[in-house]
Every structure is written in structure tokens, then in C-alpha cells.
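# Structure at a glance
In case you want the letters, here they are:
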Number of protein chains: 2
Amino acid sequence: MAVKTILSEDMLPTRWYNIVPDMPAGSLKPPLDPATGEPVGPEALAPIFPMSLISQEVSTERFVDIPEEVQEIYKLWRPTPLIRARRLEKVLDTPAKIYFKYEGVSPAGSHKPNTSVPQAYFNREAGIKRIATETGAGQWGSAMALATQMFGMACTVYMVRISYEQKPYRRSMMEVWGAEVLASPTGRTNSGRAVLEKDPESLGSLGIAISEASEDAATHDDTNYSLGSVLNHVLMHQTVVGEECKQQMEIAGDYPDIVIGCIGGGSNYAGLAFPFMRDRLSGEKQVEFLAAEPSACPTVTRGKLTYDFGDALGSTPLFMMHTLGHDFTPPGIHAGGLRYHAMAPLISALVDTGNMSAVAYGQTEIFEAAVTFARAEAIIPAPESSHAIKAAIDEAVRAREAGEGRVILFNLSGHGHFDMSAYDQYLSGKLTDYAYPEEKIKESMAKIPKGTW
Amino acid sequence: MAVKTILSEDMLPTRWYNIVPDMPAGSLKPPLDPATGEPVGPEALAPIFPMSLISQEVSTERFVDIPEEVQEIYKLWRPTPLIRARRLEKVLDTPAKIYFKYEGVSPAGSHKPNTSVPQAYFNREAGIKRIATETGAGQWGSAMALATQMFGMACTVYMVRISYEQKPYRRSMMEVWGAEVLASPTGRTNSGRAVLEKDPESLGSLGIAISEASEDAATHDDTNYSLGSVLNHVLMHQTVVGEECKQQMEIAGDYPDIVIGCIGGGSNYAGLAFPFMRDRLSGEKQVEFLAAEPSACPTVTRGKLTYDFGDALGSTPLFMMHTLGHDFTPPGIHAGGLRYHAMAPLISALVDTGNMSAVAYGQTEIFEAAVTFARAEAIIPAPESSHAIKAAIDEAVRAREAGEGRVILFNLSGHGHFDMSAYDQYLSGKLTDYAYPEEKIKESMAKIPKGTW
């Protein structure tokens, strides 16, 4: 009885899928200059991104070749397995078939290297010697440390001080891969110094770390900045996941009725979903799309679709996206990768056009789902990915109640080896759910810029 | 250019290889009763092991079928990849080809579930409801927690108190998989109570934990004990690794000139090596075998081949094996899995008959090798497995110096995700090597029982 569907290396996809040309007409709005309200051109990104990535960001080509050197690095862990969760099906006593694509087999433990590797590559091709980036819990920082190491580049990671102190293991991981890891705020940048002047004991925030990393990149010719989600080209790099998965589903002899994933900035879900979304948008297949987010940061389920800044400080162009307000700061939930205030514009547009929907979960219920999954399928999932598990379980239970043999596919975006203290809290009954921070959301939503656009 | 050789599930081996019938004539000596000096029969093990495993322990059949239910669990992560370390070859500028078999993809992160799963299965088939076992750093305990969970059994893990307190993440992992984890010494067993009476603050030891777990098993009808290495049947279960690897090497179009692994009790190395050793013992192939151990616990390189107890307290039968004395306690090196005082009788006999050799390394040099490997091949290895990496690197450098294109194969038995604090110490220059504890070895060797056998 088949458990996994494995592809050999020669079936690794050679092209990424760019969903932009297939998006519903008029659904995508251009990024705007907050000063003028006019669309910004690609040149606005040139100080911190190489032209090759900027071209991908605005590309309308349906497929983009994956460079051979990137494929060689992908092959260190890709193709990743597609696993039929037969034991979970049995536990749930469901007639549904549950499949999951497992991205935790990457050396960094998540889907993030799917984009850090090409980003490092295209930067190196452009003559860049160093990448500056930020990291909260450490997942993106470790993916970028890995990628730069693979291409012989330097890497400076501005790690939010509170995580730097509380999560030393992710820091060690980045250092093993040769990155310089700094506790942000640092004294190295104007942004960092400004914060430290006001509060020498500052524990930092993702917003501050982003400002430090992008300032570092903007002020050094040999250095560029790099982002782990939200942008079009980042989502596109992740489609290697879904392109592999389509081949695997075909070998398994099934096609999903519903494609599920967790969303923070949107990249892991886009990676799995977009190649299947292509079939929906073309009218070839009827397939549903469901994304799960934390109720403590309910960007899509409770946020507003409008123009807002991509960063906390309001220094980026404005993007049309679901947002809770650019200075929304969610509570310190364990799913650190799902705490972004907004959603990728591509995901937002797909929600807006009725092509996908979203659901929000509290952290106690997602850990309950995580433990159920680990006891059935052996893998200990990341808290982020456990949102997808919870949604898949709910879907399988609905299928049982309806007596329907649906095919459920979800993305297990990473393992939980660096999240065991969160499991410990859950198992000892110390994990709390955060009340929906209505006031905070109102407050931050009030600061969304009000233009005439 | 191929990086990995992946087998599909239908190529999962269906039989384990039992090396006993192929061992050089007269090389294996029977376990003895310490009171009489007479060989012990299988019945001596019956109070704590099921008959099916005892039969495997003394079997002279060359191949033993892997039960289908065990194969189904293996398939959750097996077959594991064989990876050609091309990037490491390049870093070392060696004409040698370096292959490694990667066992870190198992949900517990090491090769250990290869035997915990069948051990749980055969116990359940014998009507056993609960497994009691011990764990030091937590690797074996987590493998057994996983295995019992897969078969719906209970699991009690006696975890050395110092590890219980210092390594809470491995404990959480076991609890996620439903095991009860106790800090040993406990007040539950006579052995535990005896220790606590003398020293209520005892930090525990592996010897004490073994005594507690085996007492628990011996005093409860529905409970058996389980061991993670050393015994013949444990080594046999691990041969699924080498049987897979032989198929993969054939697909890759190579055959190893040398097979390398780390040794603590000997099981991961035996697992990879024995199927290739079969070709050497039959005269079919000329292939070398090299095992790496820590210089802080130099069982094979500095110990004595003689009859000694398998446990610290002297309650087991006597086994003919390389030993440093049954109450030898090595310093607290980070490779916690390689701190056993003796070596599997099968490995010892192969060393004695000149079919394999061993080398010892200090922990600073193995972490240096680990970081070199992680920067080339992306995977962060376990400290235990890094002994094998160091030996493979040394071999590749020798090949470069000799201008020989040798084929090197080693077992990467696990990942280092739960060992990042050790990496942190290494990278910050705080890691120390332990001087060879000559006095301690002399002392413990003096306690090896002197029979007339």
C-alpha cells in the first residue's frame, strides 16, 4: 500500500509558474508611491534588489526557467515527498483521502529555501557579495544563511533581540552556515541607533529589523536586501512545490478537491496552490482553495482589502492587500511565521475574486491538531503548518459527516524541531489563546493611509 | 548531474540480513552465565524480551522477513536517500567520490526507529501492552516513543535526570508521541529507591536508568524491556539501511572501496556495513571497513576484547566484546550516543578477525568536520554522525594525496537539530577536548570479572 509518492531528481520542475498572466482581469492593482499616489516603476526597487528579481516581480510570462545552479541546490533535498496520511484518515474515520506535501525535509526545515536559494543566486549573478536580511523567530534568517553559504556569499541577519536571546538554537544554525547574526536593534545603522537612543533596552521588533537590514543594503554597494514572502517573485519561486505536487498527484492517481495551507505572508500556500489554481482559473478543474491563519493575526478573515505599507514604519510603496494596519503588532503566538500584518497582493486578489477563502484558528486548537497529526503520521509539525493540519482535519471530519470521499491536499510547510518548548507548554496545559485584539486592530486600521487612489 | 539516489517504496527491502551464519568460523563466543561460566540459553532473556526477538537474537538464518506492518511504518520515511556529496568533494579537492546514506530523515531524526519499530511490533504481537526503556540524551527514548505510538502501545521512558533537566526538548518530543517520561532515579523501582536513599539529589546515570527500566519490565507481566543497540537482533534490524544502500549504489553505478560509520554500541554502523561485509566475507568483493569512535570513550581502539557485563551494575550475562570495563563512565561529551562502555559482540568479532578497523577522534575535530560538512552539503549533522564525517574527510584527503579515485561511503545516522547548543559552544570556542582518561580506564578495566572461561 503506497504511503509516499517520491519523484526522482530528473522530474524536478525546471520552470517556476508565474500566476500573474492568469489572474482574473483587473484583479491586480499596481503598487503606488505614497507621496504621489502614482504607480511606482520597477526602478523604485533597484537600490535593494537586482534587476533580474525586479523583472520577475513584474513579469507577465507564465513560466520562468529555474537556473541550473539553483536546480543543483534544490536537489540537495528536492523533490520533496507527497505523503498519503492513511493513518490520520483512520484516526478520523473519514472517507476522505488526505495528502500532504512535506517541505520540512529541507536542511533549514521549511519551504523557505525554495526562494532564498534563487534570491541568493540572482544576487550573486548581479555581482552582489552580501545579503542583509531580518529574521524574527529565525526561519527566514536560517534559510538565507543556508542559501548564501551555498553560493559563497556573506550574510548579515538582523535578528529581533528578544528572539536572539530566547531562541539561541536558530541563531546557532545560522552561524553554522556562516552568517553573521546581530541582535536588532544594533548600533550599526541609523534606524537601530535611533531606537537605542530612545530605549537602550529595546527588545526589538520585526519592523525595526527590516529597517536595519534594508538600510544596510541601501548604504552598501555590494549588499542587497532580501524578503522571504509577500512579493510576487517570492511566491513564484515557491511554485516549485506545487509543480512537483501536480506530477505526484497524477502518479498517485488523484486530483485534489480542496487545496489547503497556512498563510502568514502567503508564500508557502501560494507555492502549493498556484499550479492547481491555474486549472481553476482556466476553467479546466473545479477545485477549492482554503487558507488558515491565526485568530491572533486574522489578516484575511478580519482585515481590510486596501492600499497599505508593506513595513511597519511606512517606508515601502503602498500595496493593495488585506491588512490589519501596517503597525499592527500581534500577540506573541508560537506560530511566529504567521504574524505579518498584511497578505501577499496575489493572495488578496484571489480572495477578493472569490477564488479562495480563509479561516482563522486559535493556538490551542492548532496544537491539538498538531499532536493528533504527530501521533498518527509520526512527523512533529511546525506551529505554522499546524494551521493547515487543523483545516485539513476539519475538512476530513466534514467529509465524514457528509459521507463524501473528498481528496484533501495540504502543505506541511515545516517541522517543529525548534518549537518543542511550545509543545511543552501545550502538553502541560500552560498554553493560552489570545483574545481577538479588537481594539488593537481598530487602532492600527485607523493608521492606514487615506489617499484618493 | 545526479545528487541523490532515491528508491521508490516498492524497492524497500523486505528482509533483514543476519550476518551470524556468514561470520568467520569460531569468531563468535556465546554469552555466559557469570555465576557458572556456562553458556546461557535463550530462556535467560524471556522475562524481559518476547520469544520472537529472542529467536532473532540466536538465529542462524541468513535472512529474516520484515513483517508487512513494520514495512508500512518504515515507509513513513524509508527508503532514505543516498546522497553524493559532490560539494564536499569539491571543497576537499579530492578525486574520491563521497557518498552518504542519510538516516536523519526519520521522524525521530536518527536511524534508531529502524529497530524500535520492529521491537514494538514483535512485543505487541506477543501480547505486551507497554515498553519500559531508558534513555540518556533522548534519542533512543524518542525512537521508542514513536514506535509504541505507531502500534497503540504504552511507553515508559526512564530518562537520566541530568538530561531530563538539561534537554527538555527531547522529553517534549517523547511526550508528543504519548510516552510517559520519568526523571531517573525515580521512586517507582527498588533500584531507583536504593539510589535515592543514598543520594536524594542524584542526577542519575544510564546504568541506573537501565536497571530501573528492566526492573519495571521484569515485575510487570504486560511490560517488556527494549534495548537500542549492541544485541544481534538490534543490529540485524538496522540492516534495512545497508540493503537499501546496496540497491542505490548499484543505481549510482558504484561500489564502495571503504564503508565508514560511527560506533557507540555499533548498531548504525552494522546497519550500513553488514550487507557490504557479506560481500567481503564471501570473498566476492574487496572492501574496507572503518568505524569511528570518540577518544573520550575509546572502546575498540583502547579497550580489551574479553567477557564483560553489558550493563554498569553487572546484572546481565557476560558478552565477549571490546570493553573499557562495565563501570567505565566517559566524560560528558556531546556525542551522547557514543558513550557506551563496550561494543556489540558482532562488531568486536569483526575487528578481532581483521575484517574492520577503528579510529578515535576528539570532539573539537569532529565539530570542525561537522561544520565543514554543513557548509558544503547543507545538512547539520548530529555530533555522533560527525565522527563518521571526520573519518570520511580524512579518507578523502588521503585519496587526494595518493591521487586515488576511491569510492567512500558513510552513514549519516542523524541530524543535529537537538544539538545546537553544542554547535554554539564549538563556534564560540568554548568546546574542550577531554584528555584520554587513562586512570579511569585502568580502574574500570580492573573490575572486569576474571573467570576461568
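This text follows the structure it describes.
Residue positions are given per chain, counted from 1 along the sequence in the order it is written. Written order determines the labels here, with chains lettered from A and ligands numbered from 1. This being a predicted model, a pLDDT of at least 70 is required before a residue's local features are given, and a value of 80 or more before pairs of side-chain atoms are given or counted; all residues contribute to the totals for chains, interfaces and linings. Hydrogen atoms and water are omitted, and side-chain values are computed over all heavy atoms in the structure.

Right, let's talk about the overall build of chain A for a bit. Helix and strand labels come from DSSP, where a helix needs a run of H or I of at least four residues and a strand needs a run of E of at least two; each type is numbered from the N terminus. Helix and strand counts for chain A come out as 18 helices and 15 strands. Whereas a compact globule of 453 residues would reach a radius of gyration of roughly 22 Å, chain A reaches 21 Å, a difference of no more than 12%. Buried means the residue's accessible area, taken with a 1.4 Å probe over protein chains only, is under 20% of the maximum for its type, while exposed means over 50%, and partly exposed covers the values in between. Expressed as a percentage of its 453 residues, the buried residues of chain A come to 63%. What sets the accessible areas is the Shrake-Rupley method with a 1.4 Å probe; for residues, cover comes only from the shown protein chains. A total of about 15700 Å² of accessible surface is found on chain A, and carbon and sulfur atoms cover 49% of it. With the radius of gyration taken over C-alpha atoms, the globule rule is written as 2.2 Å times the number of residues to the power 0.38.

All names here are of chain A. Assignment of secondary structure puts Ser229 in the loop between β9 (223-225) and α10 (232-238). A residue is classified by how much of its surface remains accessible, and Ser229, at 11% relative accessible area, is buried. Here a polar contact is recorded for every N or O atom pair within 3.5 Å, except that within protein the pair must consist of a potential hydrogen donor and a potential acceptor, and residues adjacent in sequence are included only if both atoms are side-chain atoms. Among the polar contacts listed, one links the side chain of Ser229 to the backbone nitrogen of Ser267, at a separation of 3.4 Å. Note on contacts: a residue pair qualifies if any of its non-hydrogen atoms lie within 4.5 Å across the two residues. Here Ser229 is in contact with Lys112, Val234, Leu235, Gly265, Gly266 and Ser267, once residues within four sequence places are set aside.

For the rest of this paragraph, the subject is the environment of Ala291 of chain A. All names here are of chain A. Following the sequence through the fold, Ala291 ends up in strand β11 (residues 288-294). Residue Ala291 is classed as buried on the basis of its relative accessible area of 0%. Each C-alpha atom of the pair Ala291 and Ile263 lies 6.1 Å from the other, and the pair is 28 residues apart in sequence. Sequence-distant contacts of Ala291, that is, excluding residues within four places in its chain, are made with Gly261, Ile263, Tyr269, Met356, Ser357, Ala358 and Val359.

Note on the identical chains: chain B maps onto chain A by a rotation of 180° and an axial translation of 0.0 Å, with an RMSD of 0.0 Å. In symmetry terms, the pair is related by a two-fold rotation axis. Most of the interface of chain B is mirrored in chain A, where 100% of its interface residues are also at the interface. The superposition of copies rests on a least-squares fit of C-alpha positions from residues with pLDDT of 70 or more in both.

With that out of the way, let us pick up the packing of helix α5 (residues 139-150) of chain B against helix α7 (residues 168-176) of chain B. All names here are of chain B. At a minimum axis separation of 8 Å, α5 and α7 run at an interaxial angle of 10°. As judged from the angle between their axes, α5 and α7 are roughly parallel. The two elements α5 and α7 cross, and the hand of that crossing is left-handed. Of α7, the residues touching α5 (which contributes Gln139, Gly141, Ser142 and Ala145) are Arg170, Met173 and Met174. Each residue gets one of three labels, nonpolar for Ala, Val, Leu, Ile, Met, Phe, Trp, Tyr, Cys and Pro, charged for Asp, Glu, Lys and Arg, and polar for the others, Gly among them. Looking at side-chain class alone, the contact of α5 with α7 contains three nonpolar, three polar and one charged residues. Note on geometry: axes are C-alpha line fits, over the in-contact stretch for helices, and angles between N-to-C directions span 0 to 180 degrees. Under this scheme an angle from 65 to 115 degrees is roughly perpendicular, one under 35 degrees roughly parallel, and one over 145 degrees roughly antiparallel; angles in between are oblique. In a left-handed crossing the near helix is turned counterclockwise from the far helix by less than a right angle, and in a right-handed crossing that turn is clockwise.

Our next topic: unusual backbone geometry. Following Arg78 of chain A, the chain continues into Pro79 of chain A via a peptide bond in cis, with omega recorded as -15°. With respect to the helices and strands, Pro79 of chain A occurs in the loop between α2 (68-74) and β4 (82-84). Not every positive phi belongs to a glycine, and Val230 of chain B is a case in point at roughly 70°. With respect to the element layout, Val230 of chain B can be found in the loop between β9 (223-225) and α10 (232-238). Exposure remark for Val230 of chain B: the relative accessible area of 11% places this residue in the buried category.

A word on the environment of Ala370 of chain B. Residues and elements named next belong to chain B. With respect to the element layout, Ala370 can be found in helix α15 (residues 363-377). The sequence separation of Ala370 and Pro381 amounts to 11 residues, and the corresponding C-alpha distance is 6.3 Å. With near-sequence residues (within four places) excluded, Ala370 lies in contact with Pro381, Ser386 and Tyr423.

Below, the discussion takes up the interface of chain B and chain A. At the junction of the two partners, chain B supplies 43 residues and chain A supplies 43 residues. What makes a salt bridge here is a side-chain nitrogen of Lys or Arg within 4 Å of a carboxyl oxygen of Asp or Glu, nothing more. Put simply, chain B and chain A have four salt bridges between them. The closest approach of N and O atoms between Asp424 of chain B and Arg171 of chain A, which form a salt bridge, is 3.4 Å. Inspection of the chain B/chain A interface yields 21 residue pairs in polar contact (both at pLDDT 80 or more). Mapped onto the side of chain B that touches chain A, the elements with two or more residues apiece are α2 (68-74), α5, α7, α15 and α17 (420-427) of chain B. Of the residues that constitute the side of chain B that touches chain A, the class distribution is 26 nonpolar, six polar and 11 charged.

Before going further, it helps to examine the sheet that holds strand β7 (residues 154-160) of chain B. All names here are of chain B. Read across the sheet, four strands follow the order β8-β7-β6-β9 without closing on themselves; strand pairing throughout is parallel. Bordering the open sheet on either side are β8 (180-184) and β9, each of which pairs with just one other strand. Looking at each pair of strands side by side, their axes are set apart by 25° on average, direction ignored. In this structure, β7 lies alongside β8, joined through five bridges in parallel fashion. For Met159, the partnering residue across the bridge sits in β8 and is Ala183. Its contacts with the sheet put α7 on β6 (130-135), β7 and β8, and the angle it makes with β7 is roughly 170°. Running over the sheet, helix α9 (residues 206-218) touches β6, β7, β8 and β9 and is turned about 170° from β6. A pair of strands is labelled paired if DSSP reports no fewer than 2 bridges between them.

Turning our attention to the nonpolar core. Within the largest apolar cluster, 112 residues are counted, with the highest numbers of intra-cluster contacts made by Phe410 of chain A together with Ile347 of chain B. Every residue in contact with Ile347 of chain B, bar those within four places of it in the chain, is listed here: Leu235, Gly266, Tyr269, Ala270, Phe274 and Met356 of chain B. The nonpolar core is taken to be a set of buried Ala, Val, Leu, Ile, Met, Phe, Trp, Tyr and Cys residues, with the residues joined through side-chain atoms within 4.5 Å.

Glancing now at the packing of aromatic side chains. Aromatic pairs are defined between Phe, Tyr and Trp rings, using the six-membered ring for Trp, whenever the two ring centres lie within 6.5 Å; interplanar angles under 30 degrees are classed as stacked, those over 60 as edge-to-face, and all others as tilted. By the definition in use, this model includes 25 aromatic pairs over all chains. Note on Tyr121 of chain A and Phe122 of chain A: the rings are 5.2 Å apart at their centroids and 75° apart in plane angle, and the pair reads as edge-to-face. Taken individually, Tyr121 of chain A and Phe122 of chain A each receive the classification buried, so the pair is uniform in this respect. Where Phe367 of chain B meets Tyr426 of chain B, the ring centres are 6.0 Å apart and the plane angle is 25°; that geometry is what we call stacked. Of this pair, Phe367 of chain B sits in helix α15 while Tyr426 of chain B sits in helix α17, placing them 59 residues apart in sequence. Look at Phe367 of chain B and you get buried, because its relative accessible area is 1%. One aromatic cluster is present, formed by Trp16, Tyr121, Phe122 and Phe151 of chain A through successive ring pairs. The ring of Phe63 of chain A carries Arg15 of chain A above its face, with NZ or CZ at 4.0 Å from the centroid. Its guanidinium or amino end placed over the ring of Tyr99 of chain A, Arg84 of chain A lies 5.7 Å from that ring's centre, counting from NZ or CZ. A ring is considered to have a charge above it if a Lys NZ or an Arg CZ atom is located within 6 Å of its centre and within 35 degrees of its normal.

The next point concerns the sheet that holds β4 of chain A. All names here are of chain A. The mixed open sheet is built from seven strands, whose spatial order is β1-β4-β5-β15-β10-β11-β14. What marks the edges here is a single partner per strand, and that holds for β1 (4-5) and β14 (357-361). With five bridges joining them, strand β10 (residues 258-262) and β11 adopt parallel strand pairing. Across the sheet, Ile260 pairs through a bridge with Leu290, a residue of β11. Across the sheet, helix α12 (residues 267-281) is in contact with β5 (97-102), β10, β11 and β15 (407-412); its angle to β10 comes to roughly 160°. Contacts from helix α15 (residues 363-377) reach β4, β5, β14 and β15, with the element oriented near 95° to β14.

Our next topic: helix α16 (residues 383-402) of chain B. All names here are of chain B. Its 20 residues give α16 an end-to-end C-alpha distance of 29 Å, which sits within 8% of 28 Å, the value for a rise of 1.5 Å per residue. Within α16, 14 of the 20 residues are buried, leaving the element largely enclosed by the surrounding structure. Positive phi shows up at Gly403, right after α16, with a value of about 65°. Helices are assigned an expected span. That span is 1.5 Å times one less than the residue count.

Packed helices, taken two at a time, are described by the angle between their axes plus the distance between the axes. The N-to-C vectors of helix α7 (residues 168-176) of chain A and α17 of chain B enclose an angle of 55°; their axes lie 9 Å apart at closest approach. The pairing of α7 of chain A with α17 of chain B is recorded here as oblique in orientation. Of the two possible hands of crossing, α7 of chain A and α17 of chain B adopt the one that is left-handed. Where α7 of chain A abuts α17 of chain B, its residues Tyr169, Arg171, Ser172, Met173, Glu175 and Val176 of chain A lie against Met420, Ser421, Tyr423, Asp424 and Leu427 of chain B. Each residue belonging to the contact of α7 of chain A with α17 of chain B can be placed in one class, and the counts come to six nonpolar, two polar and three charged.

Relative to the assigned elements, Ala376 of chain A resides in helix α15. Classification of Ala376 of chain A as buried rests on a relative accessible area of 3%. Counting along the chain gives 76 residues from Ala376 of chain A to Val300 of chain A, while the straight-line C-alpha distance between them is 30 Å. In this structure, Ala376 of chain A is in contact with Arg87, Leu88 and Val91 of chain A together with Met150 of chain B, ignoring residues within four places of it in sequence.

By themselves these figures say nothing about function.
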